[in-house]
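Here are the chains, one letter per residue:
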Amino acid sequence: MRIAVLSSFYPLRGGISQFNAALLAELGKCHKVKAWNYRRQYPSFLFPGKTQYVTPEDEAAPVEADATLDTLNPFTWISTAKAIRAWKPDLLILPYWMSWFALPLGFVGRRCGVKCLGLLHNVIPHEPHFFDAPLTRYYLKACSGFVCMAGSVEKDLLRLKPGAPHIVMQHPLYTHFGERLERKSKGTKNLLFFGLIREYKGLDILLEAFRDLPEDYRLTIAGECYGPFDKYREIIDSLPGKDRIEVHEGYVRDSEVKNYFSEADLVVLPYRSATQSGISAIACHFGVPMLVTDVGGLKEEVGETGTGIVASSPAPEEIRKEILRFFADDSIRKDCEAAMASERERLSWSAFSAALTEFAKTL
């Protein structure tokens, strides 16, 4: 099969780019593949991070992709559709995670003359706007079928496009960060908050939960903040145990990821809203149990698979209660580790790619 993928690739940085690179590599083992990239994803003044692009320090592996699509320039939408049509793919995969991309992807999907598969990380973004639903409907109409990355994504899809052909598949595990290292810290209970720091991810909730934890608990925060870090710094400075909190605010290079997960006992995702999370895919790869909140697809992704525990709500007292319960009962950790060993076999990129292509053949 000839498969084209239009999405974010190197030199654009971030979890979506990493996901696409892994998917492209796996599909390329059995199919003829070609990647089309964004020439510009967002205008700089709308991007909340420090940079959209990899730097020499990121150590990201290059991916060959034609950077043709500018989300702000409709003329590039026309030329991108023309280029994809000229390549004559059997299938075009259009990953989607926010409504900013709905118009260019929907336009290209309609005009490339090929069957389109929507790969839905989100249908409605974590921080929604009134225009998300109508824009997303425009994108959805360009696709013949959909891969939903969580049950909550499936619900959003069917609300906007009832009866849409689709399958639900869990996020495969990231394996390109290396293996877990021998732990250096001894005698402490180490919590980890990892990844982009955004309002919906609830770092402030975790900090308030940390306020009353005993002195043998430590918290590491590692990731780039989308927006000012000031409000989190104010909370940290107000905590009696602020000397037990280690902050690494900034983009984490691939080679550094294993350092944080190797020292962690528990990865905490205190999210206010969610669909699925690439962080859980990293934690499962390194064999670190997770604590998540009962929002979006996190319960099915972590709680129902047994790879972690679930707090009933994103409230500091609930997060604190579950952290204490986890460390009070060692059988919880052992059960999570056993479940993760099983999940590592199931959530491979080869299985994900095979299921995706088999579904595409039915459309």
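None of these values were measured; they are calculated from a predicted model.

Conventions adopted
Residues numbered from 1 in each chain as written. Predicted model: local features only at pLDDT ≥ 70, side-chain atom pairs only at ≥ 80, totals over all residues. Heavy atoms only, no water. Pairing = 2+ DSSP bridges. Helix = DSSP H or I, 4+ residues; strand = E, 2+ residues; numbered from the N terminus. Axes fitted to C-alpha atoms, helices over the stretch in contact; angles between N-to-C directions. Contact = heavy atoms within 4.5 Å. Buried < 20%, exposed > 50% of the residue type's maximum accessible area, 1.4 Å probe, protein only. 1 Å grid on protein atoms, 1.4 Å probe; cavity = no way out; pocket = protein on both sides within 12 Å on 5 of 7 lines; lining within 4 Å. Points joined across faces, edges and corners; volume = space filled by probe spheres on them. Core = buried A, V, L, I, M, F, W, Y, C linked by side-chain atoms within 4.5 Å. Lys, Arg positive; Asp, Glu negative; His and termini not counted. Salt bridge = Lys/Arg side-chain N within 4 Å of Asp/Glu carboxyl O. Parallel < 35°, antiparallel > 145°, perpendicular 65-115°, else oblique. Left-handed = near helix turned anticlockwise from the far one by under 90°. Nonpolar A, V, L, I, M, F, W, Y, C, P; charged D, E, K, R; others polar. Phe/Tyr/Trp six-rings, centres within 6.5 Å; stacked < 30°, edge-to-face > 60°. Lys NZ or Arg CZ within 6 Å of the ring centre and 35° of its normal.

Here we take up the sheet that holds strand β9 (residues 217-223). Read across the open sheet, the six strands follow the order β10-β9-β8-β11-β12-β13; overall the sheet is parallel. Each of the sheet's edge strands pairs with one partner strand only, and the pair in question is β10 (245-249) and β13 (308-311). Each adjacent strand pair in this sheet contributes to an overall mean axis angle of 20°, direction not counted. For strand β11 (residues 266-269) and strand β12 (residues 290-293), the ladder comprises three bridges, and the chain directions are parallel. Residue pairing for β12: Val268 is matched across the bridge by Leu291. Packed on one face of the sheet, helix α6 (residues 203-210) meets β8 (189-194), β9, β10 and β11 and runs near 165° to β9.

With that settled, the discussion passes to unusual backbone geometry. Backbone torsion omega between Tyr10 and Pro11 reads 15°, so that peptide bond is classified as cis. Even without glycine at this site, Lys88 takes up a positive phi of about 60°. Note that Lys88 resides in the loop between α2 (74-87) and β4 (91-96). A relative accessible area of 64% means that Lys88 is categorised as exposed.

Burial in helix α5 (residues 151-160) covers these residues: Gly151, Ser152, Val153, Asp156, Leu157 and Leu160. In the core, the buried residues of α5 are packed alongside β5 (116-120), α4 (132-140), β6 (145-148), β7 (166-168) and α10 (298-303).

The calculated volume of the second largest pocket comes to roughly 440 Å³. The wall of the second largest pocket is formed by 24 residues, among which Gln18, Ala21, Ala22, Ala61 and His176 lie closest to the centre. Considering each element in turn, the lining of the second largest pocket owes the most residues, six residues, to helix α1 (residues 15-27).

Ranked by size, the top nonpolar core spans 81 residues in total, and within it Phe194, Leu207 and Phe261 carry the most contacts. Setting aside its immediate chain neighbours within four residues, Phe261 contacts Arg180, Leu192, Phe194, Val267, Ile279, Ile282, Ala283, Phe286 and Val288. Listed in part, the 38 residues of the second largest apolar core include Leu6, Leu120, Ile124 and Phe146.

What follows is about the pairing of strand β2 (residues 32-40). Both strand β1 (residues 2-6) and β2 contribute to a ladder of five bridges, which runs parallel. Paired with Arg2 across the bridge in β2 is Lys32. In the sheet, β2 pairs with strand β3 (residues 66-70) via four bridges, with the strands oriented parallel. Opposite Arg40, over in β3, you have Asp70 as the bridge partner.

Further remarks concern helix α3 (residues 102-111). Within α3, seven of the 10 residues are buried, which leaves it mostly tucked inside the rest of the structure. Buried within α3 are the following residues: Ala102, Pro104, Leu105, Gly106, Phe107, Val108 and Gly109.

Right, let's get into the side chain of Asp132. By the secondary structure assignment, Asp132 is in helix α4. One buried charged side chain, Asp132, makes no salt bridge at all; its nearest oppositely charged neighbour is Arg159, positioned 8.9 Å away. Aside from chain neighbours lying at most four places away, what touches Asp132 is Ser99, Ile124 and Pro125.

Here helix α8 (residues 254-263) crosses helix α9 (residues 278-286) at 70°, and the two axes come no closer than 10 Å. Here α9 runs roughly perpendicular to α8, going by the angle between their axes. The handedness of the crossing between α8 and α9 is right-handed. Seen from α8, the contacting residues are Val257, Lys258 and Phe261; seen from α9, they are Ile279, Ile282, Ala283 and Phe286. Here the contact of α8 with α9 is composed, by residue class, of six nonpolar, no polar and one charged.

So, on to the packing of aromatic side chains. To describe a pair of aromatic rings, you give the distance between the ring centres and the angle between the ring planes. Counted according to the given criterion, the structure contains 20 aromatic pairs. Their ring planes at 10° and their centres at 4.1 Å tell us that Tyr96 and Tyr139 sit as a pair that is stacked. Taken together, the residues span a long stretch of sequence, with Tyr96 in strand β4 and Tyr139 in helix α4 at a distance of 43 residues. The pair formed by Tyr96 and Tyr139 is uniform in burial state, with each residue classed as buried. Measuring from ring centre to ring centre gives 6.0 Å for Tyr200 and Tyr271, while their planes differ by 80°; the resulting arrangement is edge-to-face. Of the two residues, Tyr200 is situated in the loop between β8 and α6 and Tyr271 in the loop between β11 and α9; the sequence distance between them amounts to 71 residues. An aromatic cluster of at least three residues, connected via ring pairs, comprises Phe19, Tyr174, Phe177, Trp349 and Phe352. The residue whose ring lies beneath Arg110 is Tyr138, and the NZ or CZ to ring-centre distance is 3.9 Å.

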